[in-house]
Structures are given as C-alpha cells and as structure tokens.
Amino acid sequence: MPIEKTTALANSNIAFIKYWGNRDAAYRVPLNDNVSMNLDHAFTTTTVEFDANLNADQIVVGGADANEATRQRVSAHLDRVRALAKIETKARAQSENNFPTGTGIASSASAFAALSVAATHAAGLALSERALSILARQGSGSASRSIPGGFVEWIAGHSSDDSYAVSIAPPEHWDLRDVVVIVSTEEKKIGSSEGHAAAPTSHFLAERIQALPARFHRVRHAVLAKNLSLLGPAIEEDAIELHMMAMTSVPPIYYWSPAMVQVIQAVQQWRADGLAVYFTLDAGPNVHLICEGTDAAQVESLARAIVGVQQIIVNVPGGAAHLIDQHLF
Ligand code: DP6
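Since we're looking at a predicted model, the values are computed, not measured.

## Topic: the packing of aromatic side chains
Inference 1: On inspection of all chains with the given rule, the structure shows three aromatic pairs.
Inference 2: On the basis of an interplanar angle of 65° and a centroid distance of 4.7 Å, the ring pair of Tyr-19 and Trp-154 is categorised as edge-to-face. One end of the pair, Tyr-19, is in the loop between strand S1 (6–17) and strand S2 (22–24); the other, Trp-154, is in strand S8 (residues 151–155), and 135 residues separate them in sequence. For the pair Tyr-19 and Trp-154, one class covers both residues: buried.
Inference 3: With a centroid separation of 6.4 Å and 80° between ring planes, the pair formed by Trp-20 and Tyr-255 is classed as edge-to-face.

## Re the nonpolar core
Inference 1: Within the largest apolar cluster, 29 residues are counted, with the highest numbers of intra-cluster contacts made by Val-48, Phe-50, Leu-78, Val-81, Leu-115 and Ile-147.
Inference 2: For this core, the secondary structure elements donating two or more residues are S1, strand S4 (34–50), helix H1 (68–85), strand S7 (91–97), helix H2 (108–122) and helix H3 (129–139).
Inference 3: For this core, the element with the highest residue contribution is H2, accounting for eight residues.
Inference 4: Counting 28 residues, the second-largest nonpolar core is a separate cluster that includes Ile-105, Phe-151, Val-180 and Ile-313.

## Here we look at the sheet that holds strand S12 (residues 287–292)
Inference 1: Pairing in this open sheet of four strands is antiparallel, and the strands run S11-S12-S10-S13 from one edge to the other. The strands lining the two open edges of the sheet, one partner per strand, are strand S11 (277–281) and strand S13 (311–315). Between one strand axis and the next, the sheet turns through 25° on average, direction left out of account.
Inference 2: Here strand S10 (residues 176–182) pairs with S13 via five bridges, running antiparallel. Bridging from a neighbouring strand, Val-180 pairs with Ile-313 of S13.
Inference 3: Against the sheet, helix H7 (residues 258–272) engages S10, S11 and S12, with an angle of about 160° to S11.

## Looking at helix H8 (residues 296–304)
Inference 1: Of all the positions in H8, only Ala-296, Val-299 and Ala-303 are classed as buried. The arc that holds the buried residues of H8, viewed along the axis, is 65°, so those residues lie on one side.
Inference 2: Against the buried residues of H8 lie S10, H7, S11, S12 and S13.

## Comments concerning unusual backbone geometry
Inference 1: Pro-251 follows Val-250 through a cis peptide bond whose omega is -5°.
Inference 2: For Arg-28, which is not glycine, the phi torsion reads 55° and is therefore positive.
Inference 3: By secondary structure assignment, the location of Arg-28 is in the loop between S2 and strand S3 (29–30).
Inference 4: Under the relative-accessibility criterion, Arg-28 is labelled buried at 15%.
Inference 5: Although it is not a glycine, Lys-226 adopts a positive phi angle of roughly 50°.
Inference 6: Within the secondary structure layout, Lys-226 lies in the loop between helix H5 (204–225) and helix H6 (228–247).

## A short note on the site of the ligand
Inference 1: Contacts to the ligand come from 17 residues, most closely from Arg-28, Ser-140, Gly-141, Ser-142 and Ser-193.
Inference 2: The separation between an oxygen atom of the ligand and a polar side-chain atom of Ser-192 is 3.2 Å.
Inference 3: Here an oxygen atom of the ligand and a side-chain polar atom of Asp-282 are 3.2 Å apart.
Inference 4: Compared with its free state, where it exposes 460 Å², the ligand has 95% of that area covered by protein.
Inference 5: Counting residues per element, the shell around the ligand draws most heavily on helix H4 (residues 192–198), which supplies three residues.
Inference 6: Summarising the domain contributions, the shell around the ligand has at least three residues from each of domain 1 (6–172) and domain 2 (175–315).

## Some remarks on the domain arrangement of the protein chain
Inference 1: By domain assignment, the protein chain separates into domain 1 (6–172) and domain 2 (175–315).
Inference 2: The C-alpha-based centres of domain 1 and domain 2 are spaced at 23 Å.
Inference 3: The interface is formed by 31 residues belonging to domain 1 together with 42 residues belonging to domain 2.
Inference 4: Taken as a group, Phe-16, Lys-18 and Trp-20 account for 29% of the area that domain 1 buries against domain 2, more than any other trio of residues on that side.
Inference 5: Taken together, the links from domain 1 to domain 2 amount to two salt bridges.
Inference 6: Note that Glu-153 and Arg-220 form a salt bridge whose closest N and O atoms lie 3.0 Å from each other.

## Some words on the side chain of Ser-249
Inference 1: Looking at the secondary structure, you find Ser-249 in the loop between H6 and H7.
Inference 2: The residues touching Ser-249, leaving out its near neighbours within four places in the chain, are Ala-198, Ala-199, Thr-201 and Ser-202.

Analysis parameters
- Residues numbered from 1 in each chain as written.
- Predicted model: local features only at pLDDT ≥ 70, side-chain atom pairs only at ≥ 80, totals over all residues.
- Heavy atoms only, no water.
- Phe/Tyr/Trp six-rings, centres within 6.5 Å; stacked < 30°, edge-to-face > 60°.
- Helix = DSSP H or I, 4+ residues; strand = E, 2+ residues; numbered from the N terminus.
- Buried < 20%, exposed > 50% of the residue type's maximum accessible area, 1.4 Å probe, protein only.
- Core = buried A, V, L, I, M, F, W, Y, C linked by side-chain atoms within 4.5 Å.
- Pairing = 2+ DSSP bridges.
- Axes fitted to C-alpha atoms, helices over the stretch in contact; angles between N-to-C directions.
- Contact = heavy atoms within 4.5 Å.
- Arc of directions from axis to C-beta.
- Near = heavy atom within 4 Å.
- Polar contact = N/O pair within 3.5 Å; in protein donor to acceptor, adjacent residues only side chain to side chain.
- Areas by Shrake-Rupley, 256 points an atom, 1.4 Å probe, with all protein chains shown as cover.
- Domains from an automatic or database assignment.
- Buried area = accessible area lost by both parts, 1.4 Å probe.
- Salt bridge = Lys/Arg side-chain N within 4 Å of Asp/Glu carboxyl O.

Next comes the structure, spelled out in structure tokens:
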C-alpha cells in the first residue's frame, strides 16, 4: 500500500446563494443549489500521513492537539478515506489556517477540502474533482465548493452521489473582491450544523425554497456576465433570508449583532453615495463586502473607519484545492 506524507492547500469560500438546510443531514446533501467564490486570503494547509505504527488518529490543528469534537469529526472523515482506499491504517493529520484563528471566518470549508485532497493522496487514491467534492461535502457541506477553483456552483442533487460542486468560472474571470470586515473574534455559540438542522422549523423555509431557483439563476448569470449591479441585490437578499430563517427557527438562532447592523447600514449609505458595494453574511457576526477591484481600496478604508471594526481581510477569487510540497511535519 502506498504510504506517503502528503500536503494540500484549500481556500475558504463565501457563498452568494447560501447552503442552509439539508435534504440528507448524514451525507450533507443540501436542500438547494448554491453558489460561491473561493477566497485566496483565507486558506488551510493540511499534511496527512498514514502510519501503521499508530493505534489512533493524531489530529493537530493550529499547533495544538484538536479538541474532542474536532478530533471525532476529522477521524470520521479519515474513516471515509480509509473506506475508499480499503485500508485501516491510522493517520497523523496536522492543519494550519493562514488567517488568525478566532477571526470568526469559517474554516470548515477550507479545512475539509484540504483534508480530503491530502488524505486521499496519502492513501494512494487518485480521485476525480467530482469525487473529491463529494468526499469533502460529507465532512462539511461548504467544503464541497472549496475543491474546484474560482466561482463555484454546488449542484444540490438528490443523493450523495450526485451532490457536488463545479467551477462556473476561473478566478481570473472577474476581479471581484471580498473585503471581510471582522467585528467579532468570538467563537460562535451555535455551529452551522445545528443551524442546518433547525432550518425546517422556520416558517420562511417554504418561501425560500420557492424563491431560490429564480435567485440562483440571477446570481449565476450575474457572475458569468460580471454584472455587479445584478449580483449585489440578489446576494444581499439571500444573506438576509439566511438570518431571517435562523432567527425564526425554533429555538431561534441569533448570529445578528449590533456591529453587523452598523456595517450593513454603512454599506447602504456608501451605495447611496455612488459606491458599488454590497454585503453578504455567513452564520456569524462578520460582514463580507463584495465590490470590484477598482473600488476595493476605498471600501477597505471606509470600513476601517467604522468604530468596532477589528480587522479587515481583502480577498480576490481563489483557485482550486491542490497539493503543495511544504509539509507541516
Ligand atoms: C451560512 O458548510 O459550515 O456559511 O455542513 O454542517 O459543516 P456543515 O455546514 P457549513 O455551512 C455553511 C453555512 C453558511 C452558508 C454557506 O456557506 O453556503
């Protein structure tokens, strides 16, 4: 059996149409098609080595032994890889995020995409991009979108075998920026997985499912046509709908925060003043400002001036998950 230390790098991504709610929670088959852009400045690097001398997986994240919940989730993912490779060997897996931990930037997308690429290669498998996306999806839904490069569509499908992400345009297609405005570095109390599980309890779900196909096509078309004035309102609508669903779930989930609302209101003012910038949100308090490259410096400096803003990370569209030579151990 080929046993080789392997390292992979995967970018995080920001969804323009959100994944919220699963058709099949065990396999993370989502309720709806969704769209995202990879983020070149928010990535995870992961090294994996299968070692017959180990009697348990060793998982290190950001230089420290992973906590129990993370260890179990990563080991379960390594089990998926072992099943594909028909091996039982335990592994050493170490990962680092390039963005400071505790920034509230979602790391499960880049983490499970990097882990999938590194672990499959380390186990001697050579999976297609589609198979890698299907595998990464089972670790974290949004990780399926961090396998292909640039602007990405996750085809919801109906079962695990037909739910995967593909690139709709490469990174160089459009100089779109995601200026991430970090207003809180607190770890979120309610993870996305719990949010997905709660989605069906919101009375907005039926409305959302009805509205989504048209919005999805608008967003997809806007990305392909590089049309920000078409894209912007649609992504804002979708982000607000995500939070409406969370807040109307039973029990309700508030990712909403006063600083977040302040940034949103500032964006509305800047737009009224003629600046083409739109916001989107994740299941956390930070705000992602979407604009074109020509406006990015101005958006960044305006955002920096808002009281309560702790840090800003500017991203251009990022590439596909890939192998790299520098191992972490
Ligand atoms: C709000 O992919 O983090 O960011 O599959 O349970 O790991 P799990 O959920 P996750 O959910 C992401 C939710 C979101 C929207 C999105 O990225 O599409």
